[in-house]
Amino acid sequence: MKFRPAAAPLKGELHVPGDKSISHRAVMFGSLASGTTCIENFLKGADCLSTIDCFRRLGIRIEEKAEEIYIYGNGLHGLKEPKEILDAGNSGTTTRLISGILSGQSFETTLTGDASIQKRPMGRIIEPLSQMGASIESLSGNGCAPLRIQGRPLRGISYTSPVASAQVKSAVLLAGLYADSPTSVTEPSLSRDHSERMLHYFGAQIERKGTKAAILPGSRLEGRKVMVPGDISSAAYFIAAASIVPGSQVLIRNVGVNPTRAGILKVCEKMGADIQIFPCREDSGEPTADLLIKSAPLKGCVIEGSLIPTLIDELPILAVMACFAQGTTVIRDAAELKVKESNRIDVMTENLLAMGAHVTPAEDGMILEGGFPLHGALIDSHLDHRIAMSFAVAALQAEGETEIRGSQCVQISYPGFYQDLQRLQN
Ligand code: S3P
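Participant: It is not clear to me how the sheet that holds strand β7 (residues 108–112) should be interpreted in this structure. Could you clarify?
Facilitator: Two pairing modes exist for strands in a sheet, parallel and antiparallel, and in both the strands are linked by backbone hydrogen bonds. With respect to topology, 4 strands assemble into an open sheet ordered β6-β7-β9-β8, the strand pairing being mixed. Edge strands, defined here as strands with exactly one partner in the open sheet, are β6 (86–87) and β8 (135–138). Pairing geometry for β6 and β7, over 2 bridges, is parallel. Each bridged residue has a counterpart across the sheet, and for Asp-87 the counterpart in β7 is Thr-112.

Below you can see the structure in the form of structure tokens.
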């Protein structure tokens, strides 16, 4: 797809689609619950549809209505051995969380995904799940999917994770539902806590203290109504676009602002962005807010430490914002960027350089000198949705035309993204 600079300041109001992390979890926990779970504002992006597909293959009845998704849970022990291989598509969350669940079943499953998933590290879940007694084999022998998971009786563990990863934490906690004693996970800093919140909402006995989460086995989960808030990771592109295109004013309704996800709002404040936050209600244990963004001059800042897990998926778009900020922005402690849907340090650097940005990659992040004009270029998304959306925003303030290869990959998390971006310019 080709993109021109913004035709006009961005003006108007929008609802971004439902949160991806919360949508996945609602399907998974609803499938393990007794009774019906009704999900409103479910994200019908390819990743969450992969989760639905996997649970259907595990014998769960799931109805997709126009406005809601209904999950007819079979209880903790109600999954059935699938006839085919499970395909998680591009979704790391599906792959890692479902591995935790499958570890506690009484059958064997093979789980795979697309070319990107088959390169992403699964050793980080194989290690703790094996300690619990599961038998998981990487069929290609490289620690990646396809995985053959033989469910086994599990024992509870106290796991100290080397990475702040909600996917690792959640996989272990979900396996903990099937263990013979309590299971806990301690992380180096707190990652998103949607699993802890939603498991509690469904009736599991789960506690969090600092960076440690602990679950008791055998909890009975009860089907619930889940209202999925708008995804702050999707709102991030409009926060950035409205901040950098002069004269813009955009209101984004009902965005999830869970503190373990909303690090971008703190960084935007440090950068001098003009964002007003109007808290709304709590939806199914998750705080939400309306966000009003007006364009403002930005300045560079340092993004590091315990803030990183709270904005890990927003670092590509924050790097774009940094190019339009005066001064230097340093991103560090973010080596996890290398193992996302693409190697986001390499891919951001390559594409930002193509647009004339001043960027230097580092082992655990990047250094950006802002304030130099960007020009249009040929961008390779590497089929990474967050890269494609970040450069569609960069193109708004670049001189000339930008072409994004593989631009359709936005269907992973935000199928209507380009239409929404266009609409705000009319
Ligand atoms: C997610 C956790 C994060 C994030 C991913 C979604 C989740 O990954 O990058 O997009 O839903 O738990 P890690 O847990 O690997 O950091």
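Having put the structure on the table, let's press on.
Participant: Any chance you could explain unusual backbone geometry here in plain terms?
Facilitator: Note on backbone geometry: most residues besides glycine have negative phi, and most peptide bonds are trans. With an omega dihedral of 0 degrees, the bond running from Ala-145 to Pro-146 counts as a cis peptide bond. Here Pro-146 shows up in the loop between β8 and β9 (147–150). Phi is positive for Leu-383, close to 55 degrees, though the residue is something other than glycine. With respect to the helices and strands, Leu-383 occurs in the loop between β23 (378–380) and α11 (385–396).

Participant: Looking at this structure, I do not really get the pairing of strand β13 (residues 212–215). What am I missing?
Facilitator: The side chains of a regular strand alternate between both faces of the sheet. Only one face of β13 is covered, namely the face carrying Ala-213 and Ile-215; the face carrying Lys-212 and Ala-214 is uncovered. Pairing of strand β11 (residues 183–186) with β13 involves 4 bridges; the strand directions are antiparallel. Within β13, the position partnered with Thr-186 by the bridge is Lys-212. When strand β12 (residues 206–209) meets β13, the two strands line up antiparallel, connected through 4 bridges. When the sheet's bridge partners are listed, Arg-208 is paired in β13 with Ala-213. The loop that links β12 with its antiparallel partner β13 comprises 2 residues; one of these, Gly-210, has a positive phi angle of about 60 degrees.

Participant: Looking at this structure, I do not really get helix α6 (residues 194–201). What am I missing?
Facilitator: When we look at burial in α6, the residues that qualify are His-194, Ser-195, Glu-196, Met-198 and Leu-199. Tucked into the core, α6 has its buried residues touching α1 (20–32), α5 (166–176), β12, β13, β14 (225–227) and β17 (286–294).

Participant: I would appreciate a short explanation of the layout of surface pockets in the present structure.
Facilitator: In this approach the atoms are scanned with a rolling probe the size of a water molecule, which exposes any empty space left behind. Roughly 490 Å³ of internal volume is contained in the largest pocket. Only α1, α3 (92–103) and α5 provide two or more residues apiece to the lining of the largest pocket. Here the second largest pocket is characterised by a volume of approximately 320 Å³. In terms of lining, the second largest pocket is formed by 19 residues, of which the most central are Asn-90, Ala-115, Ser-116, Glu-341 and His-382. Class assignment of the residues belonging to the lining of the second largest pocket gives a composition of 6 nonpolar, 7 polar and 6 charged.

About the criteria used
Residues numbered from 1 in each chain as written. Predicted model: local features only at pLDDT ≥ 70, side-chain atom pairs only at ≥ 80, totals over all residues. Heavy atoms only, no water. Pairing = 2+ DSSP bridges. Helix = DSSP H or I, 4+ residues; strand = E, 2+ residues; numbered from the N terminus. Buried < 20%, exposed > 50% of the residue type's maximum accessible area, 1.4 Å probe, protein only. Contact = heavy atoms within 4.5 Å. 1 Å grid on protein atoms, 1.4 Å probe; cavity = no way out; pocket = protein on both sides within 12 Å on 5 of 7 lines; lining within 4 Å. Points joined across faces, edges and corners; volume = space filled by probe spheres on them. Nonpolar A, V, L, I, M, F, W, Y, C, P; charged D, E, K, R; others polar.

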